[in-house]
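Analysis of the macromolecular model
In case you want the letters, here they are:
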Amino acid sequence: MRKDRDALHPSPNLFDYAEERETFSWERARELLDGLPEGKGLNIAHEAVDRHADGLLADKVAIRWLGKKGERRDITYRDLSAETSRFANALRKLGVAPGERVFVLMGREPELYVAMLGTLKAGCVASPLFSAFGPEPIAVRLAIGDGRVLVTTPGLYRRKVAGIRDQVDGLKHVILVGEGEAEGPGLHRWNAVVGNAPPDFTIAPTDPEDMALLHFTSGTTGRPKGAIHVHQAVVAHHVTGRYALDLHRDDVFWCTADPGWVTGTSYGILAPLTNGVTSIVAEAEFDAESWYEILEREKVSVWYTAPTAIRMMMRQGTDVVKDRDLSALRFMASVGEPLNPEAVVWGVEAFGLPFHDNWWQTETGGIMIANFAALDIKPGSMGRPLPGIEAAIVERGEDGGVEVIDEPMAEGELALRKGWPSMMRGYLHEEERYRKSFAGEWYLTGDLAQRDADGYFWFVGRADDVIKSAGHLIGPFEVESALIEHPAVAEAAVIGKPDPTLGEMVKAFVTLRPGHTADEAMRRELLGHARKRLGAAVAPKEIDFRENLPKTRSGKIMRRLLKARELGLPEGDISTLESDEK
Ligand code: ATP
Ligand code: MG
């Protein structure tokens, strides 16, 4: 690999996958980054911000913030360096020690980004929360993470934090952003403590293994886990941004995820900045019209979003896209849930470009498997492992070990060979749970997949969600994708429901596109469609219509909740539940 900061591969879309895999090493990838001056280690904030702050990129827009009310604010790399230094100085002045946790609870406003990066400069650990969380999920996470500092707004503090202060003894300081009343111990105003702090800060020596980020998982399968990531994870953020998202210096990049979800941090903050691109931060929630407006007006060239948003866009059809001038857009990627083949095809119809699916987890810290620009897409496949990543299909043995299954299209657990820089270093305070995710050299992902003869990986389902019906193992994704092919279906979620003869029977929950009626005729039609597509053994036996499906804040369908409700069982941990209808 060349030490060429402008191009890991020389022009968009053109790197030789086989050759790159062959020659890649994480040691050499590390050389693409600067490290702190005088060999003082690797600090994420230095790589993302400070190293660009004096050079050619100093006056380039690092973050273009688009506020809810139409406000715009451009923050250059130089400005971002100064603001994050102020924040780091403010933490020092408050007596916050390196390694202590700084939580952020606020909407996607500039201060959120300044606080996260400033925290990393100070050697403290940044932990972002969704601002839409209620008091209980906030209290639980602050307690697990032993949060010392919380950055939030007066309104959020009054509504969500004031009442839980007695559950979080360790929380010494709350930094309030913006106007509004709030009362409580250790409250400070941003303008007073950060605004007045000096804009210069020298980052202390940082060990590549120092803890940097504490990220909670989405809680799709149960109680969220706090995954620990270290400073050298930035090597993975940087190169995955190039390989999988094809970031190049001139790009205007938009990641639609909130930093409360790992995607919104690794790719909503870090990867675009280390790569020196302009990153769009849009405060508003999803709305197809305004999203298309942003793509057009801001001339977004690389766009990273999620299946749930894509399915919502699909509901609105292609006409609204075609009226727009989206000629700047050259690459689109998706993550978070399986991307139905239908959605890839729709991308081409609507934008003239496919969505490139990619797969990763909070635990992996960065993209692991992707449909690269350089590879042909097989719609419905997650793509192939990144250079530096070895993925395999394995079977767990009785002795706690695993066996690699080489046979093409065999179904098994997706595993990754340990050793990439952004791999989690632990689940905070859950040593046992962490240990159980490994077998020898392999990290076990909890997802089931297949690998085809060309080396492409296909998602089958989460191990917890797989259905056993009359001796067949059925992945919900396959059934859901078949249902979505029907023009009336917007979204589908499939569960296994206990059945005396079959063991489990396949039951589907479906939302319809506008203009279709949820009646008996539609039910029969969809049952018939699925049977034709999948065969009687795999097709759902029951279909229920819903106005919407229960989802996590990060937009993932919570099948376990549909199942618990169906069976009248306790709902379990629903702290991350977003949209809902019983
Ligand atoms: P929890 O671990 O708390 O149950 P979660 O697994 O949903 O929540 P995340 O780390 O946000 O938390 O999500 C990672 C998971 O999302 C993956 O393990 C996988 O199940 C799913 N996922 C992500 N990307 C894809 C994809 N491209 N295709 C299929 N599934 C995906
Ligand atoms: Mg998970």
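Just so it is clear, the structure is predicted and the values come from calculations on it, not from any experiment.

A short note on the overall build of the protein chain
When helices and strands are tallied, the protein chain shows 18 helices and 28 strands. With the C-alpha coordinates aligned to their principal axes, the bounding extent of the protein chain is approximately 70 × 60 × 55 Å. For the protein chain, the residues scored as buried account for 62% of the 582 residues in total. Nonlocal contacts in the protein chain, meaning residues at least 24 apart in sequence, comprise 69% of its contacts between residues at least 6 apart. Carbon and sulfur atoms provide 48% of the accessible area of the protein chain, an area that totals close to 22,300 Å². Across the protein chain, the 70 positively charged side chains and the 88 negatively charged ones have centroids separated by 3 Å.

Regarding the side chain of Thr265
Relative to the helices and strands, Thr265 is located in helix H10 (residues 262-274). The class of Thr265 is buried, set by a relative accessible area of 1%. Contact partners of Thr265, with chain neighbours within four places excluded, come to Met116, Pro128, Leu213, His215, Pro259 and Leu270.

Here's the deal with the side chain of Ser279
Assignment of secondary structure puts Ser279 in strand E11 (residues 278-282). Discounting residues that sit within four places of it in the chain, Ser279 has contacts with Ala62, Ile63, Arg64, Phe253, Gly268 and Pro272.

With respect to the pairing of strand E5 (residues 147-152)
Of all six residues in E5, six are buried, a share of seventy percent or more. Pairing geometry for strand E3 (residues 101-105) and E5, over five bridges, is parallel. Across the sheet, residue Val102 finds its bridge partner in E5, namely Val149. After leaving E5, the chain enters helix H7 (residues 154-161) and then returns to the sheet as strand E6 (residues 173-176), a path that is right-handed.

Some remarks on the site of ligand 1
Near ligand 1 you find 23 residues, and of these Thr217, Gly219, Thr220, Thr221 and Thr362 are the closest. Here Thr217 contributes a side-chain N or O atom positioned 2.7 Å from an oxygen atom of ligand 1. Residue Arg462 places a side-chain N or O atom 2.7 Å away from an oxygen atom belonging to ligand 1. Contact with the protein chains hides 98% of the accessible area of ligand 1, taken as 630 Å² for the molecule alone. Of all the secondary structure elements, the ones that give two or more residues to the shell around ligand 1 are strand E14 (355-359) and strand E23 (457-462). Considering only residue class, the shell around ligand 1 consists of seven nonpolar, nine polar and seven charged.

A word on the UniProt feature "domain: AMP-binding enzyme C-terminal" (unreviewed entry) in the protein chain
Per the UniProt record, "domain: AMP-binding enzyme C-terminal" (unreviewed entry) is found at residues 478-556. Helix makes up 28% of residues 478-556 and strand makes up 32%, while its end C-alpha atoms are separated by 16 Å.

Some details on the UniProt feature "domain: AMP-dependent synthetase/ligase" (unreviewed entry) in the protein chain
Per the UniProt entry, the sites bearing "domain: AMP-dependent synthetase/ligase" (unreviewed entry) are residues 58-428 in this numbering. Along residues 58-428 the backbone is 30% helical and 24% strand, and the end-to-end C-alpha distance reaches 37 Å.

Quick notes on the sheet that holds strand E1 (residues 61-66)
Here we have nine strands laid out as an open sheet, ordered E2-E1-E11-E10-E12-E13-E14-E15-E16, and mixed in their pairing. Edge positions in the open sheet fall to strand E2 (72-76) and strand E16 (384-385), since each of these has one partner strand only. Two elements, strand E13 (residues 331-334) and E14, share three bridges in a ladder whose sense is parallel. By the bridge assignment, Ser334 is partnered in E14 with Asp357. This element, H10, spans E1, strand E10 (252-255), E11 and strand E12 (302-305) of the sheet and lies at about 165° to E10.

Analysis parameters
Residues numbered from 1 in each chain as written. Chains lettered and ligands numbered in written order. Predicted model: local features only at pLDDT ≥ 70, side-chain atom pairs only at ≥ 80, totals over all residues. Heavy atoms only, no water. Helix = DSSP H or I, 4+ residues; strand = E, 2+ residues; numbered from the N terminus. Buried < 20%, exposed > 50% of the residue type's maximum accessible area, 1.4 Å probe, protein only. Contact = heavy atoms within 4.5 Å. Areas by Shrake-Rupley, 256 points an atom, 1.4 Å probe, with all protein chains shown as cover. Lys, Arg positive; Asp, Glu negative; His and termini not counted. Charge placed at Lys NZ, Arg CZ, Asp CG, Glu CD. Pairing = 2+ DSSP bridges. Right-handed = clockwise from strand over helix to strand, strands pointing away. Near = heavy atom within 4 Å. Polar contact = N/O pair within 3.5 Å; in protein donor to acceptor, adjacent residues only side chain to side chain. Nonpolar A, V, L, I, M, F, W, Y, C, P; charged D, E, K, R; others polar. UniProt positions renumbered as here; feature names shortened; annotations may be inferred. Axes fitted to C-alpha atoms, helices over the stretch in contact; angles between N-to-C directions.

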